[in-house]
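Fold and contact review
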Number of protein chains: 2
Amino acid sequence: MDTSKIFQHGTLGLLVPGLYDGTITAGELLKHGDTGIGTLDGLNGEVIILDGQAYQAREDGQVRQISATETLPFASVHFEAAQAGTPVSDLGQAAFQQQVQADNQLTNVFAAIRVDGSFKRVKTRVAPHQTKPYQTLVAATATQPEFEGTDVKGTIIGYFAPHLFQGATVGGFHLHFLSADHQLGGHLLDFEIDQAQLKVQKFADFQVHLPIDNADYLQEQFDNETIDSAINKAER
Amino acid sequence: MDTSKIFQHGTLGLLVPGLYDGTITAGELLKHGDTGIGTLDGLNGEVIILDGQAYQAREDGQVRQISATETLPFASVHFEAAQAGTPVSDLGQAAFQQQVQADNQLTNVFAAIRVDGSFKRVKTRVAPHQTKPYQTLVAATATQPEFEGTDVKGTIIGYFAPHLFQGATVGGFHLHFLSADHQLGGHLLDFEIDQAQLKVQKFADFQVHLPIDNADYLQEQFDNETIDSAINKAER
């Protein structure tokens, strides 16, 4: 169990023109990590993986467990290293991210970010399930359901990546949320921590696994500037 | 021995502002592959790794073996898979690259490119050894020795990478050369194949290993546009 590596299936870039077909099973993905984030086949919601179990936050607001045979076009996972948490309190998202990046000197380093505790406010969005012919990521996420909670217990899980890797993944922070009662989940748009424990796990290695047997992937003509711009619109 | 993965130490991006200090030993690097390319501590020449042995093409035109304790700031390696070669003949660099990319549908796939045989012409350049304070990559390679040979037997080794990974590595082809008699080596600027055998090894996985304990790396403020432009100037 290698706790110094992120394993990522697919790239954020391949979602941009609309390559939403699942190309890895959840069962195979979980061989490479017990914790992480992603999306399901058809851009169907937001995936949160905690303690070896994968959950889907759906566009109708429900949260359900994902079975081993379901597939994903994009996901990042890692094996969690044992570590003590650091207390954090009374922090909004922007201040939290600035503090975590600075305190841990993350700018050029991959890291997993996990926060367990109580939140004064949480606001998420969930990508709506797409059917073929697929729209681009910017079009698919132009209107999407948002969910809010106040005084919520739960977990933030996600990653920080160096900006050099924008396109391969999201440069900077990419965070998802799952409430302890599984009533609220999704891609984090905003939050305010009440009292929580923070764990930052740095990685020396970032491994990208590409769907090199998928005909749509092989044929796509990607454009780096379009991808950069779309990630800044759709994933922040 | 995993033949489906490229292991890369460092990024091409970190060379751009001049982070030339070696951060992995050749001995450690060779645990992750028996074949590959790179550069030595201080941007000292061009590294060619064939059949488990690492060589340095020096700016004075000499080629020497690298010992296990020497260090590198950047290198890509893989374990070579057994495969039959495909004959190629009478091809210049541009036509060769176009044909290899198209025939193997490489555009969005990482691959190793190896060509063993006879060459009508080979032209290489070798990065000149830098001392601190380091100049940027563009400044350091503005004037560099070039070497030419005609009717040369030898080996091209290098990689094709999807353009999405420009910055992390060189998007497109990045090829080095070593002659069979070890009298000519370096980063390939031009060549014309006479008769040779081509091997293309595709990879599902690209693993980047970052020097996350190196203070200069942690503190550098990288800029993606500067890196993209510098790679296009210095590495093609």
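Not measured: the values here are computed from a predicted model.

In terms of helices and strands, chain A carries six helices and 14 strands. Since a compact globule built from 236 residues should have a radius of gyration of about 18 Å, the 16 Å found for chain A is in line with a globular shape. Principal-axis analysis of the C-alpha atoms gives chain A an extent of 50 × 35 × 35 Å. Per-residue burial for chain A yields a buried fraction of 57% across its 236 residues. The contacts in chain A between residues at least 6 apart in sequence include a share of 79% that link residues at least 24 apart. By element, 45% of the accessible surface of chain A is carried by carbon and sulfur atoms, the whole surface being about 9200 Å². Chain A carries 15 positive and 29 negative side-chain charges, and their two centres are separated by 3 Å.

Quick look at the layout of surface pockets now. Taken as a whole, the largest pocket encloses approximately 680 Å³ of empty space. Along the walls of the largest pocket sit 27 residues, with Asn224, Glu225 and Asp228 of chain A together with His163 and Asp228 of chain B positioned nearest its centre. Those elements that place two or more of their residues in the lining of the largest pocket are helix H6 (224-234) of chain A together with helix H6 (224-234) of chain B. When grouped by side-chain class, the residues that make up the lining of the largest pocket number eight nonpolar, 13 polar and six charged.

Taken together, the side chains of Asp223, Glu225 and Asp228 of chain A together with Asp223, Glu225 and Asp228 of chain B define an acidic patch exposed on the protein surface. Counting residues per element, the ones that place at least two in the negative patch are H6 of chain A together with H6 of chain B. As for its placement among the helices and strands, aspartate 228 of chain A is situated in helix H6.

With that out of the way, let us pick up the interface of chain A and chain B. Accessible area lost on assembly of the parts is the figure often given for the size of an interface. Counting from both sides, the interface comprises 30 residues of chain A and, opposite them, 30 residues of chain B. Each partner contributes to the roughly 2700 Å² buried at the junction of chain A and chain B, and carbon and sulfur atoms together form 56% of this total. It is Asn108, Leu164 and Leu218 of chain A that lose the most area in chain A upon contact with chain B, and together they represent 25% of the buried surface on that side. Taken together, chain A and chain B are joined by zero salt bridges. At the boundary of chain A with chain B, the tally comes to 16 residue pairs in polar contact (both at pLDDT 80 or more). Mapped onto the side of chain A that touches chain B, the elements with two or more residues apiece are strand E1 (5-9), strand E14 (205-209), helix H5 (215-219) and H6 of chain A. Of the residues forming the side of chain A that touches chain B, the biggest block, five residues, is contributed by E14 of chain A. Residues that form the side of chain A that touches chain B fall into these classes: 16 nonpolar, 11 polar and three charged. Bridge count for E14 of chain A against strand E14 (residues 205-209) of chain B is five bridges, and the pairing is antiparallel. Paired with glutamine 207 of chain A across the two strands is glutamine 207 of chain B, which belongs to E14 of chain B.

Take the relation of the copies chain A and chain B next. With an axial shift of 0.0 Å and an RMSD of 0.0 Å, the rotation relating chain A to chain B amounts to 180°. On the angle and the small slide along the axis, the relation comes out as a two-fold axis. No C-alpha of chain A approaches the rotation axis more nearly than that of glutamine 207 of chain A, which lies at 2.0 Å. Counting the interface residues of chain A, we find that 100% of their copies in chain B are interface residues as well, pointing to one common contact surface.

Attention now goes to the environment of glycine 18 of chain B. Residues and elements named next belong to chain B. Turning to its location among the elements, glycine 18 is positioned in the loop between helix H1 (12-15) and strand E2 (24-25). You can call glycine 18 buried: its relative accessible area is 6%. Each C-alpha atom, one on glycine 18 and one on glycine 171, is 19 Å from the other, the two residues being 153 residues apart in sequence. With residues up to four places along the chain from it excluded, the contact list for glycine 18 reads Tyr134, Gln135 and Thr136.

What follows concerns unusual backbone geometry. In the segment running from lysine 132 of chain A into proline 133 of chain A, the intervening peptide bond is cis, with an omega of 0°. Within the secondary structure, proline 133 of chain A is located in the loop between strand E10 (110-125) and helix H4 (137-140). A positive phi angle is found at aspartate 90 of chain A, which is not glycine, with a value near 50°. Residues other than glycine seldom take positive phi values, yet histidine 182 of chain B does so here, at roughly 60°.

With that settled, consider the pairing of strand E4 (residues 46-50) of chain A. All names here are of chain A. Most of E4 is tucked away: five of the five residues are buried. Where burial is concerned, the two faces of E4 agree: the one with Glu46, Ile48 and Leu50 and the one with Val47 and Ile49 are both buried. Alignment of strand E3 (residues 35-39) against E4, held across three bridges, turns out to be antiparallel. Residue glycine 36 lies in a different strand from E4, and its bridge partner there is isoleucine 49. Alignment of E4 against strand E5 (residues 53-57), held across five bridges, turns out to be antiparallel. What sits directly across from valine 47, in E5, is glutamine 56. Between E4 and E5, which follow one another and run antiparallel, lie two residues, and aspartate 51 among them has a positive phi close to 55°.

Looking now at helix H3 (residues 93-103) of chain A. All names here are of chain A. Within H3 the residues assigned to the buried category are Gln93, Phe96, Gln97 and Val100. For H3, the angular spread of the buried residues around the axis is 95°, confining them to a single face. Counted as exposed and oriented over 90 degrees from the buried face of H3: Ala94, Gln98, Ala102 and Asp103. Buried residues along H3 sit in contact with strand E9 (86-92), E10, strand E12 (172-179) and strand E13 (185-203). Just downstream of H3, glutamine 105 is the residue with a positive phi angle, here 50°.

A separate point is the packing of aromatic side chains. Residues and elements named next belong to chain A. Summed over the entire model, instances satisfying the criterion amount to 18 aromatic pairs over all chains. Between phenylalanine 110 and phenylalanine 206, the aromatic rings sit 4.2 Å apart at their centres with planes inclined by 15°, giving stacked as the arrangement. You can see phenylalanine 110 sitting in strand E10 and its partner phenylalanine 206 sitting in strand E14, a full 96 residues away along the chain. In this pair, the class of phenylalanine 110 matches that of phenylalanine 206, namely buried. Three or more aromatic residues joined by ring pairs form one cluster here, namely Phe96, Phe119, Phe177 and Phe191.

On to the nonpolar core, then. Among the nonpolar cores identified, the biggest contains 132 residues, and Phe96, Ile113 and Val115 of chain A together with Ile113 and Val115 of chain B are the most heavily contacted of them. In contact with phenylalanine 96 of chain A, not counting residues within four places along its chain, are Leu91, Ile113, Val115, Leu175, Phe191, Ile193 and Leu198 of chain A.

So, how was this worked out
- Chains are numbered independently. Their residues run from 1 in the order of the written sequence.
- The lettering of chains begins at A and the numbering of ligands begins at 1, in the order of writing.
- Reporting in this predicted model follows two pLDDT cut-offs: at least 70 for local features of residues, and 80 or more for side-chain atom pairs to be given and counted; totals over whole chains, interfaces and linings ignore these cut-offs and use all residues.
- As a rule here, side-chain values come from all non-hydrogen atoms in the structure, and water together with hydrogens is ignored.
- Under the scheme used here, helices are H or I runs from DSSP no shorter than 4 residues and strands are E runs no shorter than 2 residues, and both carry numbers assigned from the N terminus.
- In this treatment the radius of gyration is a C-alpha quantity, and the globule benchmark scales as 2.2 Å times the residue count to the 0.38 power.
- When a residue's accessible area, from a 1.4 Å probe over protein chains only, is under 20% of the maximum for its type it is buried; when over 50% it is exposed; and in between it is partly exposed.
- When checking whether two residues touch, look at their non-hydrogen atoms; a contact exists if any pair is within 4.5 Å.
- Areas reported here follow the Shrake-Rupley algorithm with a probe of radius 1.4 Å; residue values treat only the protein chains shown as occluding.
- Counted as positive: Lys and Arg. Counted as negative: Asp and Glu, with His and the chain ends omitted from the count.
- Where a charge lies is defined by one atom per residue type: Lys uses NZ, Arg uses CZ, Asp uses CG and Glu uses CD.
- Lining residues are defined by having an atom within 4 Å of a point belonging to a cavity or pocket. Those points lie on a 1 Å grid over the protein atoms alone, cavities being sets where a 1.4 Å probe fits but cannot get out and pockets being open sets with protein on both sides within 12 Å along at least five of seven lines.
- Grid points are joined across faces, edges and corners, and a volume is the space filled by probe spheres set on the points.
- When residue character is reported, Ala, Val, Leu, Ile, Met, Phe, Trp, Tyr, Cys and Pro are called nonpolar, Asp, Glu, Lys and Arg charged, and the others, Gly included, polar.
- Only residues whose relative accessible area exceeds 30% and that take part in no salt bridge are eligible for patches, with like-charged residues grouped when within 9 Å of each other and nonpolar side chains (Val, Leu, Ile, Met, Phe, Trp, Tyr) grouped when within 5 Å.
- Salt bridge, as applied in this entry: a Lys or Arg side-chain nitrogen positioned within 4 Å of an Asp or Glu carboxyl oxygen.
- For any pair of parts, buried area is found by adding up, for both, the accessible area (1.4 Å probe) each one loses once the two are put together.
- Under the rule applied, a polar contact is a pair of N or O atoms within 3.5 Å (in protein, one hydrogen donor and one hydrogen acceptor; residues adjacent in sequence only if both atoms are side-chain atoms).
- The rule for pairing is simple: two strands pair if DSSP sees at least two bridges between them.
- Here the copies were fitted onto each other by least squares, based on C-alpha atoms from residues at pLDDT of at least 70 in both.
- Comment: arc refers to directions from the helix axis out to C-beta atoms.
- Stacked, edge-to-face and tilted labels apply to pairs of Phe, Tyr and Trp rings (six-membered ring for Trp) whose centres lie within 6.5 Å, assigned for plane angles under 30 degrees, over 60, and everything in between, in that order.
- Take the buried residues of types Ala, Val, Leu, Ile, Met, Phe, Trp, Tyr and Cys, join any two whose side-chain atoms come within 4.5 Å, and each joined set is a nonpolar core.

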